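# Notes for the structure review
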Amino acid sequence: AQSVAQPEDQVNVAEGNPLTVKCTYSVSGNPYLFWYVQYPNRGLQFLLKYITGDNLVKGSYGFEAEFNKSQTSFHLKKPSALVSDSALYFCAVRDKNSGNTPLVFGKGTRLSVIA
Amino acid sequence: EPEVTQTPSHQVTQMGQEVILRCVPISNHLYFYWYRQILGQKVEFLVSFYNNEISEKSEIFDDQFSVERPDGSNFTLKIRSTKLEDSAMYFCASSEYSSEQFFGPGTRLTVL
């Protein structure tokens, strides 16, 4: 069975500082990894994905994530945080790159960027 | 930019009543999904739908739930007899074959 762990419920960072939101996963086959962001009263917005290739994946709004197979991690990063980045971030995984395979989500990490 | 839309944004119903949640997926997408998020908890998969039939479903998706694509654009989730524990945010999503899933804004279902 697939699973995702987001060990931090809350991450606080000062505006302008780098941010990291952690994610580790467990799958039986190859992992296909995703990050989504949820703003208040909004749906989930896709940020980035890792399917294959370069371990450093760049996504929307200046976010990037690093796939580390040996540590089974896919941490989300941004070099300089903005107050507008404050939101709920979800890591998700599936074990097949096929359309009908559902995503398994972590419980989410609330990011708070303080001015 | 194309997006997934959902109606209504908020639905309040009495326990035991039937509800239908509606979604319009992105037009050229082939796969459709329903997920739910109980307040404060993680997003959970309910069902995926492709080629007019269910592809996969979770243990949450019991006989009280059904999905339908009644025409070329809408995708619906029906709960036949709602329970208090069905109160949640329900998200519809769609995708092309193996790409990321795009989510709608959700319908908040409140069962009284």
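Placed above this text is the structure.
Residues numbered from 1 in each chain as written. Chains lettered and ligands numbered in written order. Predicted model: local features only at pLDDT ≥ 70, side-chain atom pairs only at ≥ 80, totals over all residues. Heavy atoms only, no water.

All right, on to the overall build of chain B then. Helices and strands together make up the secondary structure of chain B, namely zero helices and 11 strands. Starting at the N terminus and walking to the C terminus, you meet the elements of chain B as β-β-β-β-β-β-β-β-β-β-β. For a compact globule of 112 residues, the expected C-alpha radius of gyration is about 13 Å, and chain B comes in at 13 Å, within 12% of that figure. A principal-axis box enclosing the C-alpha atoms of chain B has dimensions of 35 × 25 × 25 Å. Relative to its full complement of 112 residues, chain B shows a buried share of 46%. If you take every contact in chain B between residues at least 6 apart in sequence, the share linking residues at least 24 apart comes to 54%. For chain B, the accessible area works out to roughly 5,700 Å², and carbon and sulfur atoms hold 45% of it. Here chain B contributes 9 positively and 15 negatively charged side chains, and the mean placements of these two sets differ by 6 Å. (Helix = DSSP H or I, 4+ residues; strand = E, 2+ residues; numbered from the N terminus. Rg over C-alpha atoms; globule rule 2.2 N^0.38 Å. Buried < 20%, exposed > 50% of the residue type's maximum accessible area, 1.4 Å probe, protein only. Contact = heavy atoms within 4.5 Å. Areas by Shrake-Rupley, 256 points an atom, 1.4 Å probe, with all protein chains shown as cover. Lys, Arg positive; Asp, Glu negative; His and termini not counted. Charge placed at Lys NZ, Arg CZ, Asp CG, Glu CD.)

As a further point, take the nonpolar core. Residue and element names in this part refer to chain A. If you look at the biggest cluster of nonpolar residues, it comprises 28 residues, and the most contacted ones within it are Trp-35, Leu-47, Leu-48, Phe-74, Leu-76 and Tyr-89. Breaking this core down by element, the ones donating at least two residues are strand E2 (10–14), strand E3 (19–21), strand E5 (32–38), strand E6 (44–50), strand E8 (64–68), strand E9 (73–78), strand E10 (87–94) and strand E12 (109–114). No other element matches the four residues that E10 contributes to this core. (Core = buried A, V, L, I, M, F, W, Y, C linked by side-chain atoms within 4.5 Å.)

Tracing the chain through its elements places Gln-38 of chain A in strand E5. Within the structure, the side chain of Gln-38 of chain A is placed 3.3 Å from the side chain of Gln-37 of chain B, a separation counted as a polar contact. Once you skip the residues sitting within four places of it in the chain, Gln-38 of chain A turns out to touch Gly-43, Leu-44, Ala-87, Leu-88 and Phe-90 of chain A together with Gln-37 and Phe-91 of chain B. (Polar contact = N/O pair within 3.5 Å; in protein donor to acceptor, adjacent residues only side chain to side chain.)

Quick look at the state of the cysteines now. For the structure shown, the criterion picks out two disulfides over all chains. At a sulfur-sulfur separation of 2.0 Å, the disulfide partner of Cys-23 of chain A is Cys-91 of chain A. Its S-S torsion of approximately -60° makes the covalent link between Cys-23 of chain A and Cys-91 of chain A left-handed. Of this pair, Cys-23 of chain A sits in the loop between E3 and strand E4 (24–26) while Cys-91 of chain A sits in strand E10, and the two are 68 residues apart along the sequence. Overall, Cys-23 of chain A belongs to the buried group, its relative accessible area being 0%. A relative accessible area of 0% means that Cys-91 of chain A is categorised as buried. The disulfide partner of Cys-23 of chain B is Cys-92 of chain B, and the gap between their sulfur atoms is 1.9 Å. Negative torsions about the S-S bond denote left-handed disulfides, and the value of about -65° found for Cys-23 of chain B with Cys-92 of chain B makes this one left-handed. Placement of Cys-23 of chain B in strand E3 (residues 19–24) and of Cys-92 of chain B in strand E9 (residues 88–95) is noted, with a sequence separation of 69 residues between them. (Disulfide = S-S within 2.5 Å.)

Moving on to the side chain of Ser-48 of chain B. Examined against the element boundaries, Ser-48 of chain B turns out to sit in strand E5 (residues 43–50). Under the relative-accessibility criterion, Ser-48 of chain B is labelled buried at 0%. Apart from the residues lying within four places of it in its own chain, the contact partners of Ser-48 of chain B are Asn-100 of chain A together with Phe-32, Tyr-33, Glu-53, Ile-54, Ser-55 and Glu-56 of chain B.

Opposite the 20 residues of chain A that make contact, chain B presents 20 residues. Taking both partners together, chain A and chain B bury about 1,700 Å²; carbon and sulfur atoms supply 54% of that area. Remark: the boundary between chain A and chain B carries one salt bridge. Put simply, Glu-100 of chain B and Lys-49 of chain A hold a salt bridge, and the shortest N to O gap is 2.7 Å. At the surface where chain A touches chain B, the tally comes to four residue pairs in polar contact (both at pLDDT 80 or more). Looking at the side of chain A that touches chain B, the elements that each hand over two or more residues are E5, E6 and E10 of chain A. The class makeup of the residues in the side of chain A that touches chain B is eight nonpolar, eight polar and four charged. (Buried area = accessible area lost by both parts, 1.4 Å probe. Salt bridge = Lys/Arg side-chain N within 4 Å of Asp/Glu carboxyl O. Nonpolar A, V, L, I, M, F, W, Y, C, P; charged D, E, K, R; others polar.)

Following Thr-7 of chain B, the chain continues into Pro-8 of chain B via a peptide bond in cis, with omega recorded as -10°. Mapping Pro-8 of chain B onto the fold places it in the loop between strand E1 (5–7) and strand E2 (10–13). Phi is positive for Thr-72 of chain A, which is not a glycine, with a value near 45°. By secondary structure assignment, the location of Thr-72 of chain A is in the loop between E8 and E9. A positive phi angle, near 55°, is found at Asn-51 of chain B, a position not held by glycine. Turning to its location among the elements, Asn-51 of chain B is positioned in the loop between E5 and strand E6 (53–57). On the basis of relative accessible area, Asn-51 of chain B is assigned to the exposed category, the value being 60%.

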